[in-house]
Amino acid sequence: MKQTPKNIAIIGSGLVGSLLAIYLRKFGHTVTVFDRRPDIRTIKFSGRSINLAMSNRGWRSLQKVGLEDKIKEIGIPLDKRAMHVNEKPVYFQKYGKEGEAIWSISRGILNKRMIDLAEAEGTEFRFNEKVWDVDLPEAKIYTGETEKSEWKEYQYDIIFGCDGAFSRVRHKMQRRSRFDYSQDFIDVGYKELTIPANEDGTHKLDKNSFHIWPRGAFMLIAMPNIDGSFTCTLFLPFEGEVSFESIRTEDDARAFFKEYFPNVRKEIENLTKDFFQNPTSAMVTMKCYPWTYWNKVALVGDSAHAIVPFYGQGMNAGFEDIYVLQGLMEKHGDDWESIFSEYQKQRKPNADAIAELSYRNFVEMSSKTADPKFLLQKKIEKHFAAKHPEKWIPIYSRVTFSDRPYAEALAIGDQQEKIMKEVMKLPNIDDTWDSKEVEDKILRLLKDSK
């Protein structure tokens, strides 16, 4: 169904705002993107980033507007985890079936490309223009140098808030009656570090792996970049015996890495410099509802559902919001009230589900991936799934290599976990894990759970 062209404002020029602009331009709308920050293409981007893991949902959203190949040029496929446990050789865990991979992409490089592509479609970007207020019923925005300076008024037909976890647009919506809102910070922060390329430009570690150094309450991860370097992220409690608070000097930082990450400390460039120069960033889960106001304003991406990054689904979930919106625009045409109403009802349960899954995955990545029992359980699941692919798709694959709803993945994952708890109680499971007896037990439990 066609739409009457509208004059639309998007607040936020990040990944979600830029992709949404491309979709809206394809429908023939006039699009202006406002961002309080400078144009990312003109500044050095570093120090506060976790590389992105593009998976099925993200690719589907890019494919719809013909951008998949342009983005694959700046990514590297990762088909496995590389686990670095002290005193043990590195071991690898395949993510999914043959050919299934997540893609490591630098956030800064992707954001620059998305803005270029949105501009090429005819989007106008207004950087360094701070939005201080939004008139929701009138779809007006007010910008200015400071909160107390003289403001400029802009009138639009529709406004999209794509301005992140601390959204100015959502802040205005929060002041309406019956608006639910919660934010929950975890007590773990993160800091960016870098492993440089070899002198010949090759990668120092396996370039098609997502590298994890699990250490219980904390961990280090590394994801490859196309220039041969790795972006590393150290996740560490803010306070406590081993924490950001306890590492106060360069000697403390060296001692910490020597003890917990001996096999990689020499590789991390400017370890102590980066450690104290790059900010320690916090991570928040933010939930709210409703996501829309009449047929005038809608929240998309992190401004509606910020999540912690441990499933690599933040960007993918935001891109999927846009994919769903597009389907509803085709379905309802000019009926923006129905588009917005259906959009939030469809997406809210799935946003809540991926928030829960993301938090759980932190526990799995930092603690369980080094636990032999957990590894055996995953081995049994994989073995059974290979024999009965129609009966068992592991939860990671449901989230990462599928387009099925996140809420469905969470519900089926919980059911599978219950079954595996029973299986892991079987006597001599270490020896019988691939036996007919174990296979029959899972089949029986699956039948009983229906």
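Residues numbered from 1 in each chain as written. Predicted model: local features only at pLDDT ≥ 70, side-chain atom pairs only at ≥ 80, totals over all residues. Heavy atoms only, no water.

## Notes on the overall build of the protein chain
Here is step 1: Broken down by element type, the protein chain carries 15 helices and 20 strands.
Here is step 2: The C-alpha atoms of the protein chain give a radius of gyration of 23 Å, which matches the 22 Å a tight globule of 450 residues would have.
Here is step 3: Within the protein chain, contacts between residues at least 6 apart in sequence are counted, and of these 70% link residues at least 24 apart.
Here is step 4: Total accessible area on the protein chain stands at roughly 20,500 Å², and carbon and sulfur atoms take up 48% of it.
Here is step 5: With 67 positive and 67 negative side-chain charges, the protein chain shows a spacing of 2 Å between the two charge centroids. (Helix = DSSP H or I, 4+ residues; strand = E, 2+ residues; numbered from the N terminus. Rg over C-alpha atoms; globule rule 2.2 N^0.38 Å. Contact = heavy atoms within 4.5 Å. Areas by Shrake-Rupley, 256 points an atom, 1.4 Å probe, with all protein chains shown as cover. Lys, Arg positive; Asp, Glu negative; His and termini not counted. Charge placed at Lys NZ, Arg CZ, Asp CG, Glu CD.)

## So, the nonpolar core
Here is step 1: By size, the foremost hydrophobic cluster in this structure holds 72 residues, and its most contacted members are Met54, Ile71, Leu110 and Phe160.
Here is step 2: Here this core gets eight residues from one element, more than from any other, and that element is helix H1 (residues 15-26).
Here is step 3: The contacts of Met54, once residues within four sequence positions are left out, are Trp59, Leu62, Ile71, Ile102, Trp103, Ile105, Leu110, Met315, Asn316 and Phe319. (Core = buried A, V, L, I, M, F, W, Y, C linked by side-chain atoms within 4.5 Å. Buried < 20%, exposed > 50% of the residue type's maximum accessible area, 1.4 Å probe, protein only.)

## Some remarks on the packing of helix H9 (residues 314-332) against helix H10 (residues 336-366)
Here is step 1: At a minimum axis distance of 9 Å, the contact between H9 and H10 shows a crossing angle of 140°. At the point where H9 passes H10, the crossing takes the right-handed sense. Along the contact surface, H9 presents Ala317, Glu320, Asp321, Val324, Leu325, Leu328, Met329, Lys331 and His332, while H10 presents Trp336, Ser338, Ile339, Phe340, Glu342, Tyr343, Gln346 and Arg347.
Here is step 2: A per-class count over the contact of H9 with H10 returns nine nonpolar, three polar and five charged. (Axes fitted to C-alpha atoms, helices over the stretch in contact; angles between N-to-C directions. Left-handed = near helix turned anticlockwise from the far one by under 90°. Nonpolar A, V, L, I, M, F, W, Y, C, P; charged D, E, K, R; others polar.)

## Focus on the UniProt feature "transmembrane region" (unreviewed entry) in the protein chain
Here is step 1: UniProt feature "transmembrane region" (unreviewed entry): in the numbering of this structure it lies at residues 7-24.
Here is step 2: Taken end to end, residues 7-24 is 56% helix and 28% strand, and its two terminal C-alpha atoms sit 10 Å from one another. (UniProt positions renumbered as here; feature names shortened; annotations may be inferred.)

## Section: the sheet that holds strand S15 (residues 209-214)
Here is step 1: Strand order across the open sheet formed by six strands is S6-S5-S15-S16-S17-S14, with mixed pairing between neighbours. Each of the sheet's edge strands pairs with one partner strand only, and the pair in question is strand S6 (91-94) and strand S14 (188-195). On average, each strand axis in the sheet is inclined to that of its neighbour by 25°, with strand direction left out of account.
Here is step 2: Here eight bridges tie S14 to strand S17 (residues 230-237), and the two strands are oriented antiparallel to one another. Paired with Ile195 across the strands is Phe230, a residue of S17. (Pairing = 2+ DSSP bridges.)

## Side note on the pairing of strand S5 (residues 80-83)
Here is step 1: Burial along S5 is two-sided: the residues Lys80 and Ala82 and Arg81 and Met83 are all buried.
Here is step 2: Relative to S6, S5 runs antiparallel, the two sharing four bridges. Across the sheet, residue Met83 finds its bridge partner in S6, namely Tyr91.

## Quick look at the sheet that holds strand S11 (residues 152-155)
Here is step 1: Spatial strand order, S9-S10-S11: three strands in an open sheet with antiparallel pairing. Every interior strand has two partners, whereas the edge strands, strand S9 (131-135) and S11, have only one. Between one strand axis and the next, the sheet turns through 20° on average, direction left out of account.
Here is step 2: Examined bridge by bridge, S9 and strand S10 (residues 140-143) share four bridges and lie antiparallel to one another. Opposite Asp135, over in S10, you have Lys140 as the bridge partner.

## Looking at the pattern of salt bridges
Where charged atoms from two side chains of opposite charge approach closely, those side chains can pair.
Here is step 1: Scanning the entire structure with this criterion turns up 33 salt bridges.
Here is step 2: Between Glu121 and Lys26 there is a salt bridge, with its nearest N and O atoms 3.0 Å apart. Taken as a pair, Glu121 in the loop between helix H4 (107-120) and strand S8 (124-126) and Lys26 in helix H1 lie far apart in primary sequence, 95 residues in all.
Here is step 3: By relative accessible area, which is 30% here, Glu121 ends up partly exposed.
Here is step 4: For Lys26, a relative accessible area of 46% corresponds to the partly exposed category.
Here is step 5: Ionic pairing is found between Glu356 and Arg360, a salt bridge with its closest N-O pair at 2.8 Å. Taken as a pair, Glu356 and Arg360 lie in helix H10 at a separation of four residues, close to a single helical turn.
Here is step 6: Residue Arg360 is classed as partly exposed on the basis of its relative accessible area, which comes to 35%. (Salt bridge = Lys/Arg side-chain N within 4 Å of Asp/Glu carboxyl O.)

## Structural notes on the packing of aromatic side chains
Here is step 1: This model, assessed by the stated rule, comprises 28 aromatic pairs.
Here is step 2: Through pairs of rings, three or more aromatic residues link up here, namely Phe218, Phe256, Phe257, Tyr260 and Phe261.
Here is step 3: A cation sits over an aromatic face here: Arg36 above Trp132, 5.1 Å from the ring centre.
Here is step 4: Against the face of Tyr323 rests Arg60, its NZ or CZ located 3.9 Å from the ring centre. (Phe/Tyr/Trp six-rings, centres within 6.5 Å; stacked < 30°, edge-to-face > 60°. Lys NZ or Arg CZ within 6 Å of the ring centre and 35° of its normal.)

## Focus on the environment of Thr233
Here is step 1: As for its position among the elements, Thr233 is in strand S17.
Here is step 2: Each C-alpha atom, one on Thr233 and one on Glu192, is 4.7 Å from the other, the two residues being 41 residues apart in sequence.
Here is step 3: For Thr233, the contacting residues outside a window of four places in its chain are Ser49, Ile50, Tyr190, Lys191, Met219, Leu220 and Ile221.

## Notes on the environment of Pro309
Here is step 1: Topologically, Pro309 is positioned in the loop between helix H8 (302-305) and H9.
Here is step 2: For the pair Pro309 and Val31, spaced 278 residues apart in sequence, the C-alpha to C-alpha distance is 29 Å.
Here is step 3: Apart from the residues lying within four places of it in its own chain, the contact partners of Pro309 are Ile50, Phe235 and Met283.

## Observations concerning unusual backbone geometry
Here is step 1: A cis geometry characterises the amide bond from Tyr289 onward to Pro290, with omega recorded as 0°.
Here is step 2: When you line up the elements, Pro290 lands in the loop between strand S18 (284-289) and strand S19 (292-293).
Here is step 3: Of note in the backbone geometry, Glu87 takes a positive phi value of approximately 65° without being a glycine.
Here is step 4: Of note, Glu87 is situated in the loop between S5 and S6.
Here is step 5: With relative accessibility at 82%, the residue Glu87 sits in the exposed group.
Here is step 6: With phi around 55°, Asn428 is a residue other than glycine that occupies positive phi space.

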